Amino acid sequence: MNNETLTVQVSGKWVEAQDICGFELRNPDGTSLPAFTAGSHIDVHLPGGLVRQYSLCGDPGSADRYEVAVLRDAGGRGGSIAIHDLVHVGDFLQVSVPRNHFAIEQNATRHLLLAGGIGVTPILSMAEYLSSRGESFDMHYCTRSESRTAFIARISESDFCDRVQFHYDNGDASQRFDLTSTLTEEQESTHLYVCGPRGFMDGVLSAARAQGWTEDRLHYEFFSGTVTKLEGDAPFQVRLASSGAVVDVPAGSTVVEALATHGVEILTSCEQGVCGTCLTRVLEGQPDHRDSYLTEEERASGDQFMPCCSRSKSTLLVLDL
Ligand code: FES
């Protein structure tokens, strides 16, 4: 994990749609920022100490600026309100270098892009990249209403506008998104990319899996996780490989919390199992994965887990700490 941070300056802020603000970030000295690929995100350190991940929605080919768009979520955990209300043009922010856990499959010959709401941010970047390369793709963009739809003008004026279908929840039945037939009509080689609210993504992924889409063709990135706490969650222990210290993890605590009480700090960000910041190697024991970050294959291999939310099926986990 690269924890390098950069100082950027907010060079633009605008209303992109109802409750959605766009932000443009540049290097204060005018030089280029580290390059990124479509699907990348950055961690943004916000006023008040929160750190949030936002997908880059600008052109991956132009490293002179980063662009993010954020939905103000009054019922959220405070990050979106902080960036909407407290971040202004001219402010300086610390951000991470771009990371990409949602990359386009370079060997695929056909791509299906599905965006729900503000999940359009990485999907738009992908559409622009694929269009610039002359690749075969279609995009479906589902939102509650036209007024809540970010980037309508940018998409409508793009070279690929004829590849994009907008679907509004409050629109008439003829324009509703028909997920089942969209998936059915695709070829067996198509790769699917989905980003949006949890329910939208779960619906898309379970429909695709039910139709036999294989995991290697499904690409997704969750914005927020639902960390599962189960009635029967049992206490367990973790052992630190470096010191041999053994720490109890009570039923109601996370591994991160339990280690912190013993002076062992693990860097975290989302604390919901979505960002990957706390990724820790497991040397012995069987993790009980509760995150939305690892792929099915990574989970099955059992050699890494997310201590901010995941637990243990075995009574002891030995961690590479
Ligand atoms: S802190 Fe984000 S996955 Fe653990």
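Placed above this text is the structure.
Reading guide: rules and limits
Residues numbered from 1 in each chain as written. Predicted model: local features only at pLDDT ≥ 70, side-chain atom pairs only at ≥ 80, totals over all residues. Heavy atoms only, no water. Pairing = 2+ DSSP bridges. Helix = DSSP H or I, 4+ residues; strand = E, 2+ residues; numbered from the N terminus. Axes fitted to C-alpha atoms, helices over the stretch in contact; angles between N-to-C directions. Contact = heavy atoms within 4.5 Å. Phe/Tyr/Trp six-rings, centres within 6.5 Å; stacked < 30°, edge-to-face > 60°. Buried < 20%, exposed > 50% of the residue type's maximum accessible area, 1.4 Å probe, protein only. Expected span 1.5 Å × (residues − 1). Arc of directions from axis to C-beta.

Asker: Is there a simple way to think about the sheet that holds strand S9 (residues 164–168) in this case?
Answerer: Hydrogen bonds between backbone groups are what pair the strands of a sheet, and the pairing can be parallel or antiparallel. Here we have 5 strands laid out as an open sheet, ordered S9-S8-S7-S10-S11, and parallel in their pairing. Two strands lie at the open edges of the sheet, namely S9 and strand S11 (218–220), each paired on one side alone. The mean angle between the axes of side-by-side strands here comes to 15°, regardless of whether they run parallel or antiparallel. Pairing geometry for strand S10 (residues 191–195) and S11, over 3 bridges, is parallel. Pairing of Leu 192 across the sheet is with Leu 218, part of S11. Helix-sheet contacts for helix H2 (residues 120–132) involve strand S7 (110–116), strand S8 (136–143) and S10, and the interaxial angle to S7 is about 150°. Of the strands in this sheet, S7, S8, S10 and S11 touch helix H5 (residues 198–210), which is tilted by about 160° from S10.

Asker: Even after reading the chapter, I still don't get the packing of aromatic side chains, so can you show me in this structure?
Answerer: Think of a pair of aromatic rings as described by two things: how far the centres are apart, and how the planes are tilted against each other in angle. The full count for this structure, using the stated rule, is 4 aromatic pairs. Aromatic pair Phe 36 and Tyr 66: ring centres 5.8 Å apart, planes at 80°, arrangement edge-to-face. Taken together, the residues span a long stretch of sequence, with Phe 36 in the loop between strand S2 (20–26) and strand S3 (41–45) and Tyr 66 in strand S5 (residues 66–71) at a distance of 30 residues. Here Phe 36 falls in the buried class, since its relative accessible area comes to 7%.

Asker: Explanation requested: H5 in the structure shown.
Answerer: In an α-helix, one turn spans 3.6 residues; hence positions three or four apart end up facing the same way. The end-to-end C-alpha separation of H5 is 18 Å, in line with the 18 Å expected for 13 residues at 1.5 Å each. If you check which residues of H5 are buried, you get Phe 200, Met 201, Val 204, Leu 205, Ala 207 and Ala 208. Looking straight down H5, one finds that the buried residues subtend no more than 165° of arc, so they occupy a single side. In this structure, H5 carries Gly 199 and Ala 210 as exposed residues pointing more than 90 degrees from its buried face. The inward-facing, buried residues of H5 contact S7, S8, helix H4 (179–185), S10 and S11. Looking one or two places after H5, you find Gly 212, whose phi comes out positive at around 90°.

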